[in-house]
Amino acid sequence: MLSPLIEEHQQVLLKKEKNFKVVQIRKKRPVWMEKVKFTLDGTIGHPYGSSFEVQDGELVRVVSKSEPEVLGTEGTISKGEDNRNLQDTDENQKLSRDDITAMKKEGVSGESIVEHLIENSATFKTKTEFAQQKYIKKKKKKHLAVFTILRPTTRLLCEMYFNKGPSKICNLRIDSLAQILTQANVRANSKVMIVETCVGLIVGAVMERLGGTGTIVQFYPGTAPVRQAVEAYNFPKTYFTNMHSFPLNMVNTLGRNSETNPNTQASNGASEDLNTDCVPTSEDATEEKNLNDAPVLEKKKYKVFRDGEWICPF
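Remember, predicted model here, so these are calculated numbers, not experimental data. (Residues numbered from 1 in each chain as written. Predicted model: local features only at pLDDT ≥ 70, side-chain atom pairs only at ≥ 80, totals over all residues. Heavy atoms only, no water.)

J.: Explanation requested: the overall build of the chain in the structure shown.
T.: Across its full length, the chain holds eight helices and 13 strands. Scored against the burial criterion, the 314 residues of the chain give a buried share of 33%. Within the structure as shown, the chain displays about 20,400 Å² of accessible surface, and the carbon and sulfur contribution to it stands at 48%. (Helix = DSSP H or I, 4+ residues; strand = E, 2+ residues; numbered from the N terminus. Buried < 20%, exposed > 50% of the residue type's maximum accessible area, 1.4 Å probe, protein only. Areas by Shrake-Rupley, 256 points an atom, 1.4 Å probe, with all protein chains shown as cover.)

J.: I would appreciate a short explanation of the sheet that holds strand E2 (residues 19-24) in the present structure.
T.: Sheets are built from strands that pair by backbone hydrogen bonding, the pairs being arranged parallel or antiparallel. Pairing within the open sheet is antiparallel, and its five strands lie in the order E2-E1-E7-E5-E6. Since the sheet does not close on itself, it has two edges, and those belong to E2 and strand E6 (58-62), each with one partner. Pairs of neighbouring strands in the sheet enclose a mean axial angle of 40 degrees, with direction left out of account. By the bridge criterion, three bridges tie strand E1 (residues 11-16) to strand E7 (residues 146-150) in an arrangement that is antiparallel. Its bridge partner lying in E7, Leu13 is registered against Leu150. (Pairing = 2+ DSSP bridges. Axes fitted to C-alpha atoms, helices over the stretch in contact; angles between N-to-C directions.)

J.: Got a minute to help me understand the sheet that holds strand E9 (residues 215-220) in this structure?
T.: What the three strands build is an open sheet, ordered E8-E9-E10; its pairing is parallel. The sheet is open, and its two edges are formed by strand E8 (191-195) and strand E10 (243-247), each paired on a single side. Within the sheet, the average angular offset between the axes of one strand and its neighbour, ignoring direction, is 20 degrees. With five bridges connecting them, E8 and E9 associate as parallel partners. Counterpart to Met193 in the pairing with E9 is Val217. Where helix H7 (residues 201-210) meets the sheet, it contacts E8, E9 and E10, and its direction lies at approximately 175 degrees from that of E9. (Contact = heavy atoms within 4.5 Å.)

J.: I would appreciate a short explanation of the packing of aromatic side chains in the present structure.
T.: Aromatic ring pairs are defined here through the distance separating the ring centres and the angle between the ring planes. Enumeration over the complete set of coordinates arrives at five aromatic pairs. Taking 4.8 Å as the distance between ring centres and 10 degrees as the angle between the ring planes, the aromatic pair formed by Tyr233 and Phe235 counts as stacked. (Phe/Tyr/Trp six-rings, centres within 6.5 Å; stacked < 30°, edge-to-face > 60°.)

J.: Just to check I follow, could you spell out the pattern of salt bridges for this structure?
T.: Where charged atoms from two side chains of opposite charge approach closely, those side chains can pair. One pass over the structure, following the stated rule, counts two salt bridges. Of the charged contacts, one joins Arg155 and Glu159 as a salt bridge, the two residues approaching to 3.8 Å between their closest N and O atoms. Linking Arg155 with Glu159, this pair stays in helix H5 (residues 154-164), spanning four residues, or about one helical turn. Two residues, Arg173 and Asp175, come together in a salt bridge whose shortest N-O distance is 2.9 Å. Classification of Arg173 as partly exposed rests on a relative accessible area of 43%. Looking at Asp175, the relative accessible area reads 39%, which means it is partly exposed. (Salt bridge = Lys/Arg side-chain N within 4 Å of Asp/Glu carboxyl O.)

J.: In this structure, what is going on with the pairing of E6? I would like to understand it.
T.: Successive residues of a regular strand alternate their side chains across the two faces of the sheet. Pairing between strand E5 (residues 51-55) and E6: five bridges, direction antiparallel. Pairing of Ser51 across the sheet is with Val62, part of E6. The antiparallel pairing of E5 with E6 creates a hairpin that spans two residues between the two strands, and Asp56 there sits at a positive phi of about 55 degrees.

J.: Looking at this structure, how should I read the nonpolar core?
T.: As a rule of thumb, soluble globular proteins bury nonpolar side chains together. In this structure, Ile169, Leu201 and Val206 are the most contacted members of the largest nonpolar core, which totals 31 residues. Sorting the residues of this core by element identifies H5, helix H6 (174-183), E8 and H7 as the ones contributing at least two each. Residue contributions to this core peak at seven residues, all from H7. Among all residues touching Leu201, those that are not within four sequence positions of it are Leu157, Cys158, Ile169, Leu177, Glu196, Ala229 and Tyr233. Listed in part, the 17 residues of the second largest apolar core include Ile6, Leu14, Leu40 and Phe52. (Core = buried A, V, L, I, M, F, W, Y, C linked by side-chain atoms within 4.5 Å.)

Below you can see the structure in the form of structure tokens.
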């Protein structure tokens, strides 16, 4: 069973607004996201869905505040009727860039910096309510480095790949992926064969639905199957016991028995009377071990693979 808490060596999803990134939890390992560098040591042991703020290069859990709380008590900030007399100049903000940098070095939180910017803005109170919200959103995006850690799921991974590089998943949307799983009737204990070039997203979605039951056969082009998305799910090892892969360019060889080719048997000096295409039925499984020792077999007990089916020619 998957743990509800964040653990080391797990793959997690870092989220900031609409941006996602898959990272592995490792101590003292720096991570870059949105031009911010930090480590993930402080996230271990916290539940998924928690929000963290970057402080001194480390993630510290915080309780996110709403915009009215950032502004103070809702309704106490005056608002202007329009923005016709506003002029966007550097003199409108009393805090300089050096002051903001010094505050960050002292460990002041991002929300406190936004509050100081609001207090030292000469035009904030004269802006309309919409302009004030826009101003706060802009400053929070620049100075408030808050990240949310989520458990990777099919929906979140599909959304991440579709936003960052839809060509990697063949422009597959989450609703289309849901239709594929529904129309294929993928459920527990199913036997599923998959052919996909979506970095393993469909394979991971099927494994998530099967929950460690059933059987999966992945046909892959090239030299090896691509399962980049599967690694992000943190599936236990038991989920991979029934996972099989087969090269797509070798599918046409299925059903052929090269070891019992008549030409091969003749070149090895085998008896011409022995039909090498014949294989024992289930009734003679006990006699299969003695096939190589017997010079002649009872032909009536054996069948021949011909025209795509097993038949008894005698």
